[in-house]
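# Structural overview for review
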Amino acid sequence: MGRVTRVLGLASMNFEVGDHVVYPSQGAGVVAERTSRVVLGQAHEYLKVVFVRGDMEVLVPIKKGQEVGLRHTVDKEEVARLIDSIKAADLTLPAQWPPRFRAEQDILSGGSAYDLARLIGVLAKRDAEKGLAATEREVLDSARTMLSSELAVVLDVELGAAEDMLTAAMDVHTV
């Protein structure tokens, strides 16, 4: 199918059928098709994204792609750097709980692979040193779920294999 173009200020982002994408609230998947739907009498263009987790499909309005954070996945060549980011655990978060939690939520909603990797590393290190509260464990689990889905799509592996990669990277903090 043809190229779907969305203008974002001065830049444009193109998505084609078959592209690997990340939708921060759902994880990573593949653009399966471009489709039109009539909503309230107006035709709207959508990208149908099929996710690796949960056999789920979502129609993402092309005009809202930037708003919802739709982006291409990282390249295969970047995976080693992501793993190194987990091991480095070099993200500085506020010491006090409310601002730290807000910062963690911003990282989750932003969906940047590198920010997620750094967050995973910091939380894994904190967990090994003094344990995590239930809320921060949920943040860690969410970040792991999002990043493992991206790795699964990028590397064309099962979700479990991608999760195992992250666990191995996090294990450097338990030594």
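Going by the structure above, here's the rest.
Since the structure is predicted, the reported quantities are computational estimates derived from the model, not experimental observations. (Residues numbered from 1 in each chain as written. Predicted model: local features only at pLDDT ≥ 70, side-chain atom pairs only at ≥ 80, totals over all residues. Heavy atoms only, no water.)

Moving on, we come to the environment of glutamate 136. Mapped onto the fold, glutamate 136 is located in helix 4 (residues 134-155). For glutamate 136, a relative accessible area of 3% puts it in the buried group. Taking the C-alpha atoms as reference points, glutamate 136 and leucine 123, 13 residues apart in sequence, are found 7.7 Å from one another. Beyond its immediate sequence surroundings of up to four residues, glutamate 136 is in contact with Trp97, Arg100, Glu104, Leu123 and Arg126. (Helix = DSSP H or I, 4+ residues; strand = E, 2+ residues; numbered from the N terminus. Buried < 20%, exposed > 50% of the residue type's maximum accessible area, 1.4 Å probe, protein only. Contact = heavy atoms within 4.5 Å.)

Take the packing of helix 2 (residues 97-110) against helix 4 next. Where helix 2 contacts helix 4, the axes come no closer than 10 Å and their chain directions differ by 15°. Viewed along their axes, helix 2 and helix 4 adopt a mutual orientation that is roughly parallel. Crossing of helix 2 against helix 4: the hand is left-handed. In this structure, helix 2 contributes Trp97, Arg100, Phe101, Glu104, Gln105 and Leu108 to the contact, and helix 4 contributes Thr135, Glu136, Val139, Ser142, Ala143 and Met146. Looking at the contact of helix 2 with helix 4, its residues break down into 6 nonpolar, 3 polar and 3 charged. (Axes fitted to C-alpha atoms, helices over the stretch in contact; angles between N-to-C directions. Parallel < 35°, antiparallel > 145°, perpendicular 65-115°, else oblique. Left-handed = near helix turned anticlockwise from the far one by under 90°. Nonpolar A, V, L, I, M, F, W, Y, C, P; charged D, E, K, R; others polar.)

Turning our eyes to something else, we now look at the sheet that holds strand 6 (residues 57-61). What the 5 strands build is an open sheet, ordered 6-5-4-3-7; its pairing is antiparallel. Of all strands in the sheet, those with a lone pairing partner are strand 6 and strand 7 (71-72), marking the two edges. Pairing between strand 4 (residues 27-39) and strand 5 (residues 42-51): 10 bridges, direction antiparallel. Across the sheet, the residue bridging to arginine 37 is histidine 44, located in strand 5. In the packing of helix 4 onto the sheet, the strands contacted are strand 3 (20-23), strand 4 and strand 7, and the crossing angle to strand 4 comes to about 90°. (Pairing = 2+ DSSP bridges.)

To continue, consider the pattern of salt bridges. Under the criterion given, the structure shown has 10 salt bridges. Salt-bridge contacts for lysine 48 lead to glutamate 33; the nearest nitrogen and oxygen are separated by 3.6 Å. Of this pair, lysine 48 sits in strand 5 while glutamate 33 is found in strand 4, placing the two residues 15 residues apart along the sequence. Among the residues examined, glutamate 33 registers a relative accessible area of 27% and is labelled partly exposed. Measuring nitrogen to oxygen at the nearest pair gives 2.8 Å for the salt bridge that ties arginine 137 to aspartate 127. (Salt bridge = Lys/Arg side-chain N within 4 Å of Asp/Glu carboxyl O.)

In this section: the environment of phenylalanine 101. As for its position among the elements, phenylalanine 101 is in helix 2. Sequence spacing of phenylalanine 101 and glutamate 136 is 35 residues, and the spatial spacing of their C-alpha atoms is 7.7 Å.

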